[in-house]
Every structure is written in structure tokens, then in C-alpha cells.
There are 2 protein chains.
Amino acid sequence: MATGSFSIGDLARATGTKVETIRYYERSGLLPPPPRTGGNYRAYGDGDLMRLGFIRRARDLGFSLAQVRALLDLADQRERSCAAVDAIAREHLAEVDRKLAGLAALRRELALLIEQCRHGTVAECRILEALGPG
Amino acid sequence: MATGSFSIGDLARATGTKVETIRYYERSGLLPPPPRTGGNYRAYGDGDLMRLGFIRRARDLGFSLAQVRALLDLADQRERSCAAVDAIAREHLAEVDRKLAGLAALRRELALLIEQCRHGTVAECRILEALGPG
DNA sequence: GCTTGACCCTGGAGTGGCTACAGGCTGCAT
DNA sequence: ATGCAGCCTGTAGCCACTCCAGGGTCAAGC
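Residues numbered from 1 in each chain as written. Chains lettered and ligands numbered in written order. Predicted model: local features only at pLDDT ≥ 70, side-chain atom pairs only at ≥ 80, totals over all residues.

The name that an unreviewed UniProt entry assigns to chain A is Helix-turn-helix domain-containing protein, with the source organism given as Roseicella aerolata.

As C-alpha cells, then:
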């Protein structure tokens, strides 16, 4: 038997999502528009809870909403090969690796800059110097 | 003697910035509105070249435009201690470290997920499973 | 039955940091 | 005179939300 329906606030609490974000996901087509109560409140069911949970976990792993949409679409075609799912995940991993490398390089430069600070006046500041006339 | 003035396109090429971005910086108050030619073209000088160079290098290091603004303001008060400059840089470094840690953790999780893919059908996909009912 | 307060609704605007038009003007070479 | 690159303004779009105003709804307490 189905668990009774619940409000957007309940869904928000259950998934750690803000109410506005849930409505935004609905506008974006990630969540289907749920039925409404007599007072025009959204009435969600367990399916929505699962779907939103999926979205949140994927978002926490850094997938874009477009990627999440693609993953959700794929999840519905249960007989297909999961190669496409794997491809999305691998592409995302590659992107994360690119970001990590960039951020690490940036960190090195930034640390070097800070190291050179001799704590004098602004006029002789090495940090501003390094950013300066280049 | 001053180098003659040059156009926004020249400034863009010299600094590797898009023309639209330069105009955006002007709107945002990061670059002062330059004098105009008879035909209403922006006429930049060497000072602008240096200032935009500074902005670009700071942006490349990941400073926000608000931080860049603060650094530029500080750079003008040449007699002050550069402690404030140091503080901005250190705060940014800390932020970069936070991002690095988060991204590294995310990478680990993502790699684990992908590793488990047995390349079967979507129905038995471990990736979707891991994102799923949780 | 009435009030209070928490919750829900819609629609619109704002965030950062650009980027991309559309529609028109300028400037220089041919 | 003509063509074309480059410049001008103003506006809208991107991502993924987040917040707000101005209202409607509902359950609990008195």
C-alpha cells in the first residue's frame, strides 16, 4: 500500500533540499508536476522522494542538471546497455580531473605569491608587484 | 612621453580579454570610463593597459571581482601596510584549499562509482543503483 | 468561532562573471 | 562610392539556484 502524500516542505526536509529548489526543478522539467490538493498544495509521493534523492546525490557528485536529466532518462530505459551511463560518469570524472589540476596549479602560484610577502608597506608589496606591470 | 591612445579592440588583444568583458569591467567600476574620440570610440592609455593586466592576472589566480576591486583600492594607498593585501590573498588561498579538498573527495567517490560498472544493462547498472534508492 | 502562526502559492528579480546578440555608427582602404 | 572591420548602446541569456512580496491555506489553541 502506498504511503500517503506529503507536502513540498516534507519533501524538502527529507532530501535536504530547499523548497524553492524543488519548485525550480519542477520548472526545469527534472521533477514532474505533482497532483494538487484542494488548497492547491503540491502533493508528493514516494516516487518523487526517490527521484529527488537521485537528483540530489548526482548533484552532490557534481553532475550538471543536464547530465542529471540524461541519467534520469537513461534510468528509465532499463533494457539498454549502461554504456551511456558509464560515458557520462567518465566524462564528468575527466572534467573533475581537469578542474583539480587547474586548481592545484593555481594554489601553487598563489602560495608562492603569499610566501614572498615581506609585510612592509603597500608600495613594496610583492603580491601587488607580482600582479602588477607583468 | 605618453604612448598614443588605442582602441578597445587593441586593449582586448593586448590583454587576452574579450571586448565585451572590458565593457563589463567598466560598467562594474573596475575600469574607469576612458575619454572618447570624436566618433565616440573609447580611447585607452597605458594606465588602462596596466590596470586591466592586473585585473586579468588576479582573475587568473581565481580572485573574485570583489577581491580584485579591494586589491586595486589597496594598491592606490601606497603608504599603508600590505597586511590587508596579505589577508585577502590568504583568505583566497584558504578558499582554494577548501575547494581542492572538496573536489578531491568528490573525485574519489566518482571513481569508486565508475569502477563498479560491470557494463551490463541499465537495469543492473551500479552507477544508477548507487545514485538511486540510497 | 476566531485568531495566530506556520506553511504553501505565484511571479519576478537578483547572484557572478561574463557572453551573445540586434541594430546602428565610424573609419579606413579600394 | 563601397565594402568591411570594428566600434557603439542596450538587452537578454547562461548556470543553479535563492530570495522576496503579496497573497491563500490549514491545524492548533482559546
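Backbone geometry at A:Asn40 places phi at a positive 65°, although glycine is not the residue there. Along the polypeptide, A:Asn40 turns up in the loop between α2 (19-27) and α3 (46-60). The exposure class of A:Asn40 is exposed, given the 6 C-beta atoms found within 10 Å. In the Ramachandran plot, B:His119 falls in the positive-phi region, its phi being about 60° despite a non-glycine side chain. Looking at where B:His119 falls in the secondary structure, it is placed in the loop between α5 (83-115) and α6 (126-131). The exposure class assigned to B:His119 is exposed, which follows from the 12 C-beta atoms found within 10 Å. (Helix = DSSP H or I, 4+ residues; strand = E, 2+ residues; numbered from the N terminus. Buried ≥ 20, exposed ≤ 12 C-beta atoms within 10 Å, placed from the backbone.)

Before going further, it helps to examine the relation of the copies chain B and chain A. For the match of chain B to chain A, the screw axis carries a shift of 0.0 Å, the RMSD comes to 0.1 Å, and the turn is 180°. Interpreted geometrically, this transformation is the action of a two-fold axis. Closest to the rotation axis within chain B is the C-alpha of B:Leu100, separated from it by 3.3 Å. With an isologous cut-off of 70% or more, the 100% of interface residues of chain B that recur at the interface of chain A puts this contact in the isologous class. (Least-squares fit on C-alpha atoms with pLDDT ≥ 70 in both. Contact = placed C-beta atoms within 7 Å.)

Take the interface of chain B and chain A next. On the chain A side, the residues contacting the 49 residues of chain B number 49 residues. Mapped onto the side of chain B that touches chain A, the elements with two or more residues apiece are α3 (46-60), α4 (65-76), α5 and α6 of chain B. If you tally residues by element for the side of chain B that touches chain A, the top one is α5(B), at 20 residues. Its residues assigned to classes, the side of chain B that touches chain A shows 29 nonpolar, 10 polar and 10 charged. (Nonpolar A, V, L, I, M, F, W, Y, C, P; charged D, E, K, R; others polar.)

Take the protein's contact with DNA strand D next. Neighbouring DNA strand D are 21 residues, the closest being A:Gly39, A:Ser64, B:Ser7, B:Gly9 and B:Arg42. Looking at the surface near DNA strand D, the elements with two or more residues in it are α2 and α4 (65-76) of chain A together with α1 (8-15) and α2 (19-27) of chain B. When its residues are assigned to classes, the surface near DNA strand D shows 6 nonpolar, 9 polar and 6 charged. (Near = placed C-beta within 6 Å.)

Residues and elements named next belong to chain A. In terms of domains, chain A is made up of domain 1 (1-79) and domain 2 (81-134). The centre of domain 1, based on its C-alpha atoms, is set 35 Å off from the matching centre of domain 2. Listed by partner, the interface residues are 6 residues for domain 1 and 5 residues for domain 2. In terms of residue class, the side of domain 1 that touches domain 2 is made up of 4 nonpolar, 2 polar and no charged. (Domains from an automatic or database assignment.)

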